[in-house]
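Remarks on the overall topology
The residues making up each chain are set out below.
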There are 2 protein chains.
Amino acid sequence: MTEIVAEEAPAHDGSVVGVLTGPNLAGEIAKGYPAATVIGMTDAAAAARLQDAFMDPAFRVYTNPDVVGCELAGSLKNVMAIAAGMAKGLGFGHNTLASLITRALAELTRLGVALGGNAGTFAGLAGMGDLIATCQSDDSRNNRVGMELARGKRLEEIVSELHMVAEGVKTVRPVLELADRENVDMPIAEQVNRVLHEGAHPREAVLTLMTRRARSEL
Amino acid sequence: MTEIVAEEAPAHDGSVVGVLTGPNLAGEIAKGYPAATVIGMTDAAAAARLQDAFMDPAFRVYTNPDVVGCELAGSLKNVMAIAAGMAKGLGFGHNTLASLITRALAELTRLGVALGGNAGTFAGLAGMGDLIATCQSDDSRNNRVGMELARGKRLEEIVSELHMVAEGVKTVRPVLELADRENVDMPIAEQVNRVLHEGAHPREAVLTLMTRRARSEL
């Protein structure tokens, strides 16, 4: 989005185009529940002014110069939220979801870093924080797509009933193309794509992930 | 624990003393829900044999030579689970919990690395994975302690009703001593200690965390 803003508004100073992102489900912010957020912006002084402006006892603001990492994290997590929704729709519990979220973050970090993001951004609120909140919340549209798929509904049906865009449905293909170009392994995104666009069943996709060749973690 | 095993069983080969850890809530494993786990062991050949033995379509096993990191992660997360329970008991939502878990992982990673653990372990299943599952599950004893404190119960009452050990209640003080010795900042653990052992109210502890000096994330 910041690239598009810079293209469309070339007279605007590009260094103060930025992004506010993090575990910030809007309905909960509106209720005044505490949340932390990240302002991604290259101009540190402008970022600090915005930090001052937005900082509130219920809204803790961090700054981060890694704009591309912040943007990629917010976009890539949508694909992973579909996978999380599938795990929930299949009736699995906290172990499954936590395992999935952990491996999903490793996976999207690999791609994000290959595309120029900072690993610390993905380990922070824009990456890990947003991923956890989105994967946990049943209000997340991407999550709901995964849940309904696991319950046997067809994608077309789900999308037409949502009356809203579930970004991950469209994002997964370009994500896999980028992963292929950057030579990055994205097993979870691959399975999400198989379920969304190739007719695989979520249960079989989970089994495929669980039975990959055994590995060392580090 | 591995140090104690080595002391108590000196004839045993210390390199094959290890730890199995991760987002592995026992009740869910028993139900056959998919989970991933980590075997922390310095002897790679022995770890690989155990990996083969435990690997199952519902139980995906990774190996990791960083035994101390695996053990520290499993212990430190108990303190953070108390904080997560407080957030839940105060009625907050996914944003709060995800923000807290993200900052909690950064905090316990700082201490874990200072004590000789590998940062990758904390970013993996033994760290992030176990932390997420424990903070989310209402069955976690540490989580329940935090929830009950937020609802106004006294610690003595909660502990006597649990009939089980909530490790984090005892761990928080030595954790803060280690953090002090290693010169590591642990704001969340400090607030957990204030609530557990110094009579602070969870709501005030959250406010203290949210209104610390504004910072950059990286």
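**A closer look at the interface of chain A and chain B**
Taken together, the contacts link 60 residues of chain A with 60 residues of chain B. Interface area for chain A against chain B, summed over the two sides, is near 4,800 Å², with a carbon-plus-sulfur share of 61%. When the area that chain A buries against chain B is broken down by residue, the three leading residues are A:N95, A:M210 and A:E217, summing to 16%. Inspection of the region where chain A meets chain B yields zero salt bridges. Applying the counting criterion to the chain A and chain B interface returns 32 residue pairs in polar contact (both at pLDDT 80 or more). At the level of elements, α2 (26-30), β2 (35-40), β3 (59-64), α5 (94-114), α6 (119-122), α7 (125-136), α12 (202-210) and β4 (215-216) of chain A are the ones that each hand at least two residues to the side of chain A that touches chain B. Per element, the largest residue contribution to the side of chain A that touches chain B is nine residues, and it comes from α5(A). Considered class by class, the residues forming the side of chain A that touches chain B number 31 nonpolar, 20 polar and nine charged.

**Considerations on the pattern of salt bridges**
A pair can form between side chains of opposite charge whenever their charged atoms are brought close. For the structure on display, the rule yields 16 salt bridges over all chains. In this structure, the salt-bridge partner of B:R212 is B:D185, at a minimum N-O distance of 3.0 Å. Here B:R212 is found in the loop between α12 (202-210) and β4 (215-216), whereas its partner B:D185 is found in the loop between α10 (167-182) and α11 (187-198), with 27 residues between them in sequence. Overall, the relative accessible area of 40% leaves B:D185 in the partly exposed class. One connected set of salt bridges, linked through shared partners, spans A:E148, A:K153 and A:E161.

**Points about the confidence of the model for chain A**
Detailed conclusions should not be drawn from predicted coordinates in areas where pLDDT is low. When pLDDT is averaged along chain A, the result is 94, and 100% of the positions lie at 70 or above. Reported confidences for the modelled complex are a pTM of 0.95 and an ipTM of 0.94.

**What about the environment of B:C135?**
Residue and element names in this part refer to chain B. One can find C135 in helix α7 (residues 125-136). Given a relative accessible area of 2%, C135 falls into the buried group. Distance in space between the C-alpha atoms of C135 and M86 is 10 Å, their sequence separation being 49 residues. The residues touching C135, leaving out its near neighbours within four places in the chain, are M80, A81, A84, K88, L97, I101 and N143.

**Section: the sheet that holds strand β1 (residues 19-21) of chain A**
Spatial ordering of the open sheet is given by β1(A)-β2(A)-β3(A)-β4(B), a layout of four strands whose pairing is mixed. Because the sheet does not close on itself, it has two edges, and the strands there are β1 of chain A together with β4 of chain B. Each of β1, β2 and β3 of chain A is contacted by α7(A), which is oriented at about 140 degrees to β2(A), the strand it contacts most.

**Describing the relation of the copies chain A and chain B**
Put simply, the second copy of the chain is the first one after a rotation about an axis and a shift along it. Superposition of chain A onto chain B requires a rotation of 180 degrees combined with a translation of 0.0 Å along the rotation axis, giving an RMSD of 0.0 Å. Classification of the inter-copy transformation places it as that of a two-fold axis. Both copies present the same face, since 100% of the interface residues in chain A are matched by interface residues at the equivalent positions in chain B.

**As for the packing of aromatic side chains**
All told, the structure shown has two aromatic pairs over all chains when counted by the stated rule. Between A:Y33 and B:F92, the ring centres sit 5.9 Å apart and the planes meet at 55 degrees, which makes this aromatic pair tilted. Taken as a pair, A:Y33 in the loop between α2 and β2 and B:F92 in the loop between α4 (67-89) and α5 (94-114) lie in two separate chains rather than in one. Note on B:F92: relative accessible area 16%, which makes it buried.

**Quick notes on the pairing of strand β2 (residues 35-40) of chain B**
Two faces, one strand: in a regular strand the side chains alternate between the faces of the sheet. Residues and elements named next belong to chain B. The buried fraction of β2 amounts to six of the six residues, a majority that puts the element mostly inside the structure. Both strand β1 (residues 19-21) and β2 contribute to a ladder of three bridges, which runs antiparallel. Residue pairing for β2: T21 is matched across the bridge by V38. Note: β2 against strand β3 (residues 59-64), six bridges, orientation parallel. Bridging across to β3, I39 finds its partner in T63. Handedness of the β2-helix α3 (residues 44-54)-β3 crossover: right-handed.

**Side note on the sheet that holds β1(B)**
Judged by pairing direction, the sheet is mixed, and its four strands sit side by side in the order β4(A)-β3(B)-β2(B)-β1(B) without closing on themselves. This sheet does not close on itself; its edge strands, each paired only once, are β4 of chain A together with β1 of chain B. Along the sheet, α3(B) makes contact with β4 of chain A together with β1, β2 and β3 of chain B, crossing β3(B) at roughly 175 degrees. The sheet contacts of α7(B) involve β1, β2 and β3 of chain B, and relative to β2(B) the element is tilted by about 140 degrees.

**Details of helix α9 (residues 155-162) of chain B**
Each turn of an α-helix holds 3.6 residues, which means side chains three or four residues apart point in the same direction. All names here are of chain B. Of all the positions in α9, only L155, I158 and L162 are classed as buried. Viewed along the axis of α9, the buried residues span an arc of 65 degrees, placing them on a single side of the element. On the buried face of α9, the contacting elements are α8 (141-150), α10 and α11. Two residues or fewer past α9, H163 is found with a positive phi of approximately 55 degrees.

**Points about the nonpolar core**
Counting 104 residues, the largest nonpolar core has A:V145, A:M186, A:L196, B:V145, B:M186 and B:L196 as the members making the most contacts within it. When near neighbours in sequence (up to four residues on either side) are disregarded, B:V145 contacts B:L155, B:I158, B:L162, B:A166, B:V169 and B:L196.

**Some words on the state of the cysteines**
In the structure shown here, the tally under the stated rule is zero disulfides over all chains. Unpaired in this structure, A:C135 has its nearest cysteine sulfur neighbour in B:C135, at a distance of 16 Å. Not engaged in a disulfide, the cysteine B:C70 finds its nearest cysteine sulfur in B:C135; these two sulfurs lie 18 Å apart.

Cut-offs applied
Residues numbered from 1 in each chain as written. Chains lettered and ligands numbered in written order. Predicted model: local features only at pLDDT ≥ 70, side-chain atom pairs only at ≥ 80, totals over all residues. Heavy atoms only, no water. Contact = heavy atoms within 4.5 Å. Buried area = accessible area lost by both parts, 1.4 Å probe. Salt bridge = Lys/Arg side-chain N within 4 Å of Asp/Glu carboxyl O. Polar contact = N/O pair within 3.5 Å; in protein donor to acceptor, adjacent residues only side chain to side chain. Helix = DSSP H or I, 4+ residues; strand = E, 2+ residues; numbered from the N terminus. Nonpolar A, V, L, I, M, F, W, Y, C, P; charged D, E, K, R; others polar. Buried < 20%, exposed > 50% of the residue type's maximum accessible area, 1.4 Å probe, protein only. pLDDT = per-residue confidence, 0-100. Pairing = 2+ DSSP bridges. Axes fitted to C-alpha atoms, helices over the stretch in contact; angles between N-to-C directions. Least-squares fit on C-alpha atoms with pLDDT ≥ 70 in both. Phe/Tyr/Trp six-rings, centres within 6.5 Å; stacked < 30°, edge-to-face > 60°. Right-handed = clockwise from strand over helix to strand, strands pointing away. Arc of directions from axis to C-beta. Core = buried A, V, L, I, M, F, W, Y, C linked by side-chain atoms within 4.5 Å. Disulfide = S-S within 2.5 Å.

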